[in-house]
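# Observations on the three-dimensional arrangement
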Amino acid sequence: MTVLEATLNAVPHPILVPYITGGVDEHWLDYVHEAVDAGADAVEIGIPFSDPVIDGPVIQAASVRALERGTTPDTIFRDLDRYRGSVPLVVMTYYNLVHRYGHEAFAQRLANSGVTGVVLADLPVEEATEWTQAADAAGVVTVLIAAPSTPDDRLQHICDQSRGFVYAMGVMGVTGERATLADSASVIAKRAKAATGKPVLVGVGVSTPENAATLVTAADGVIIGAPVMRRIAAGGSVAALISEFRTALAPA
Amino acid sequence: MTTSAMAPPSGRGFFGGFGGRFVPEPLMPACLELEVAFRTAWADPGFRADLAALLRDYTGRPTPVTECHRLSENLGVRVLVKREDLNHTGSHKINNVLGQALLARCMGKRRLLAETGAGQHGVATATVAALLGLDCVVYMGEVDVERQRLNVFRMELLGATVVPVSSGSRTLKDSVNEALRHWVATVEDTHYCMGSVLGPHPYPWMVREFQRVIGDEARHQCAELGAAPTHVVACVGGGSNAAGIFAGFADTDAELVGVEAAGGAAVGGNLVGVVHGSKSMLLQDSYGQVLEAESVSAGLDYPGIGPEHAHLAEIGRATYPSVTDDEVLDAVRVVSQTEGLIPALESAHAFAYLLREVGRSIPRGSTVLVNLSGRGDKDMEQISDLLSQRKEAQ
Ligand SMILES: Cc1ncc(COP(=O)(O)O)c(C=O)c1O
């Protein structure tokens, strides 16, 4: 079992993972710390890409802001040297950045920055081998995504190959908040839980603390991205937002 | 000459080291389903017959090969032009759309989704959607909506919904992003009708197969004229008209030349990258952020190139030089005034290369087959603006 998986398994309550776009403004690492202090069990850090095809308007805007500030994988890795939290960090990005950086070099940089896992939004299981070999060698695990459209046999394969946890996409659609929680979120969580003993976290479309509370009856936890990035864009308190979710997901 | 230069891709969709399927998981099942549907349809004589009938009766194929006597005389090479401008809707794009729309119908999809740059693919998709009674939504960058207004109106008249894209460069690249985002949410009832040899497997292969009718016809027509082209020249945005005509000549001695816009010369940049579903040559910065292409021609304003072209470049079977916007404008005028053919700005890239290279990389006495991928009507307003700007600058 990987360290990330063991760490998540040891969490005594439903797992809460906020997502923050690296470099969105000069305080971005402070937001990470606020989230950790407010009870996040892990933090997902986005490395912005020019063409984020699975992201909706809120995270697209955060990516644009970050890129316009000159954010690169290297500036994010450098900033991460000042990370003082104890919960695991997982990086989320798109494959071209990894490809361009070089698989080995990217994996090594992640490891040196204390990142334990990575989600590559556009690298499906079929194409992942070259990357996962490099990542495994550096001690970084690759988390795979299961979607509502993923058929059963494929879901089983993804759950078997995923490391750390399984990222269950809650809705067929881009990242972003929704007025109501899609039924597909609980359905994919249950299907993934039936396929694996690894933690199953639902991300995409988890918009409110109530959504989160509903979902953790089926999943081990949730990933919240757009609500966090909307809060940051509005200049609001990340700590307060995470506290609300934490309260909703208080000891099961 | 190798007959396998344009063979089908590997099982995972690779042409040599390029291609594959790099899409978010929610789209993977649709890509796998599409591959099965295409393999089945393409092996089915009934599907082929339906498509052939539409190509004949609806778009007016075969398109002729025109011998360009005056241009030939002026240049000292024999110039033959494959007339894709004579297709219904005015470009080669409809060849591919008819194939994909029939396939969508076989798969039970009731909606077509497309991205468009110049608007030609959008118009072709809107047209065929109307023909087959399918709904149609087209994503188009705001910059392109502005410079191709006439095509926006055509699409709307045909009953399609045109969605302007305001993100990023607001051109073709970003319209593909938006189309992919939309597809994730609608994949159950919607077929993404991709307009070029781009995207995840099976698109680059499937679109080339739907466009190979250009090359197959031209091969036959050239033979009837007693001409064996020494050069086959086509413009390259994503590369579908080029792939289509190259497919008919890959096993001959002809030099295959794909002409890129100088501001979007992916092969010239010589960097491998992954965007929009496949691994290919891609304009990008040192961290892999995709760069914005810049070209007068909306249809070539794209930072990448189809993966099969990256492969053909790597094995040396085809070359991908570029021409400048100025050379393109000159070519529009020359071809219009010498042959009475007003090329689309995209297609004019192929002619610009010919005009520049005769006596250089194209020796006198050569036989050059140029793909006239589309007619210039859509570009009249823009060309007139550009020519008057140029006059003012002088
Ligand atoms: C007339 C014409 N030619 C060429 C292109 C470029 O596409 P491709 O490279 O796929 O042929 C376009 C695209 O809009 C077009 O309208």
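What this report covers is the structure whose coordinates are included nearby. (Residues numbered from 1 in each chain as written. Chains lettered and ligands numbered in written order. Predicted model: local features only at pLDDT ≥ 70, side-chain atom pairs only at ≥ 80, totals over all residues. Heavy atoms only, no water.)

### What about the overall build of chain A?
Using the following cut-off: Helix numbers and strand numbers start at the N terminus; a helix is a DSSP run of H or I with at least 4 residues, a strand a run of E with at least 2. Values of the radius of gyration come from C-alpha atoms, whereas the globule rule sets the reference at 2.2 Å times the count of residues to the power 0.38. Type-normalised accessible area, obtained with a 1.4 Å probe on protein chains alone, sets the label of each residue: buried when under 20%, exposed when over 50%, and partly exposed for intermediate values. We call two residues in contact when some of their heavy atoms are within 4.5 Å. Calculation of accessible area relied on Shrake-Rupley with a 1.4 Å probe; when residues are assessed, cover is drawn exclusively from the protein chains displayed.
A count of helical and extended segments in chain A gives 12 helices and 8 strands. Taking 18 Å as the expected radius of gyration for a compact globule of 252 residues, we find that chain A reaches 16 Å, a close match to that expectation. Within the span of chain A, comprising 252 residues, buried residues form 61% of the whole. Restricting the contact set of chain A to residue pairs at least 6 apart, pairs at least 24 apart contribute 73%. With the model as given, the accessible surface of chain A reaches about 8900 Å², and the carbon-plus-sulfur share is 52%.

### Considering the site of the ligand
Residue and element names in this part refer to chain B. Inclusion rule: Nearness of a residue to a molecule or strand requires only that one of the residue's heavy atoms be within 4 Å of it. Here a polar contact means two N or O atoms within 3.5 Å. Within protein one must be a hydrogen donor candidate and the other an acceptor candidate, and residues neighboring in sequence count only if both atoms are side-chain atoms. The way it works is a 1 Å grid over only the protein atoms, where trapped points that fit a 1.4 Å probe form a cavity and open points with protein on both sides within 12 Å along at least five of seven lines form a pocket, and then any residue with an atom within 4 Å of a point lines it. The rule for placing a molecule in a cavity or pocket is simple: more than half of its atoms must lie within 2 Å of the grid points. Any residue outside Ala, Val, Leu, Ile, Met, Phe, Trp, Tyr, Cys, Pro, Asp, Glu, Lys and Arg is labelled polar, Gly included; the first ten of those are nonpolar and the last four are charged. For the domains described, the bounds stem from an automatic or database domain assignment.
The environment of the ligand is formed by 20 residues, the closest being S196, G237, G239, S240 and S373. For the ligand, an oxygen atom lies 2.5 Å from a polar atom in the side chain of S196. S240 places a side-chain nitrogen or oxygen 2.7 Å from an oxygen atom of the ligand. If the ligand stood free it would expose 390 Å²; the protein chains cover 97% of that surface. Taken atom by atom, the bulk of the ligand overlaps the largest cavity. Among the secondary structure elements, those contributing two or more residues to the shell around the ligand are helix 10 (240-247) and helix 14 (345-357). When its residues are assigned to classes, the shell around the ligand shows 5 nonpolar, 13 polar and 2 charged. A domain-level breakdown of the shell around the ligand finds at least three residues from each of domain 1 (12-54 + 93-203) and domain 2 (62-91 + 212-393).

### Some remarks on unusual backbone geometry
Residue and element names in this part refer to chain B. Here R61 and P62 are connected by a cis peptide whose omega angle stands at 0°. Relative to the helices and strands, P62 resides in the loop between helix 2 (45-57) and strand 3 (65-67). Note that the residue after H201, namely P202, is joined by a cis bond; omega there is 15°. As for its placement among the helices and strands, P202 is situated in the loop between strand 8 (190-192) and helix 9 (203-224). The phi angle at T89 is positive, at roughly 80°, despite the residue not being glycine. The residue T89 is located in the loop between strand 4 (78-83) and helix 4 (93-106) in this model. Judged by its relative accessible area of 5%, T89 falls in the buried class.

### As for the interface of chain A and chain B
Basically, it comes down to this: Buried area: the accessible surface (1.4 Å probe) lost by two parts on joining, summed over both. Salt bridges are defined by distance alone: a side-chain nitrogen of Lys or Arg within 4 Å of a carboxyl oxygen of Asp or Glu.
Contact with chain A, which involves 37 residues of that partner, is made by 37 residues of chain B. Around 2900 Å² of area is buried between chain A and chain B when both sides are counted, 56% of it from carbon and sulfur atoms. Looking only at chain A, the three residues that lose the most surface to chain B are V53, R100 and E127 of chain A, adding up to 22% of its buried area. Between chain A and chain B we count 3 salt bridges in total. Between R154 of chain A and E25 of chain B there is a salt bridge, with its nearest N and O atoms 2.8 Å apart. Those elements that place two or more of their residues in the side of chain A that touches chain B are helix 3 (57-68), helix 4 (73-80), helix 5 (95-101), strand 5 (141-146) and helix 8 (152-161) of chain A. Among the elements that take part in the side of chain A that touches chain B, helix 5 of chain A stands out by supplying 6 residues, more than any other. Classifying every residue of the side of chain A that touches chain B gives 21 nonpolar, 8 polar and 8 charged.

### Things to note about the sheet that holds strand 8 (residues 221-224) of chain A
All names here are of chain A. Applied cut-off: Paired strands, in this sense, are two strands between which DSSP finds at least two bridges. Axis angles are defined between N-to-C directions and span 0 to 180 degrees, where every axis is a line fitted to C-alpha atoms and, for a helix, only to the segment in contact.
The strand order 1-2-3-4-5-6-7-8 describes a closed barrel built from 8 strands, whose pairing is parallel. The sheet shows a mean angle of 25° between the axes of neighbouring strands, taken without regard to direction. The sheet contact formed by strand 7 (residues 200-203) and strand 8 spans 2 bridges and is parallel. What sits directly across from L201, in strand 8, is G221.

### Structural notes on the sheet that holds strand 2 (residues 18-22) of chain B
Residue and element names in this part refer to chain B. Overall, antiparallel pairing links the 4 strands, which are arranged 1-2-12-11 in an open sheet. The open sheet is flanked by strand 1 (14-15) and strand 11 (272-275), the only strands paired with a single partner. Pairing geometry for strand 1 and strand 2, over 2 bridges, is antiparallel. Following the sheet pairing, F14 is matched in strand 2 by G19.

### What about the pairing of strand 6 (residues 135-141) of chain B?
Along any regular strand, the residues point their side chains to alternate faces of the sheet. All names here are of chain B. When you tally the buried positions in strand 6, you get 6 out of 7 residues, the bulk of the element. As defined by bridge partners, strand 5 (residues 111-116) adjoins strand 6 across 6 bridges and the pair is classed as parallel. Looking at strand 6, one finds that L112 is bridged to C136. Here strand 6 runs beside strand 7 (residues 161-165); their pairing, made up of 5 bridges, is parallel. Bridge pairing in strand 7 links V137 to T161.

### Description of the pattern of salt bridges
All names here are of chain A. Enumeration over the complete set of coordinates arrives at 41 salt bridges over all chains. Salt-bridge contacts for D41 lead to R246; the nearest nitrogen and oxygen are separated by 2.8 Å. Of this pair, D41 sits in the loop between helix 2 (28-37) and strand 2 (43-46) while R246 sits in helix 12 (residues 238-248), placing them 205 residues apart in sequence. Given a relative accessible area of 10%, D41 falls into the buried group.

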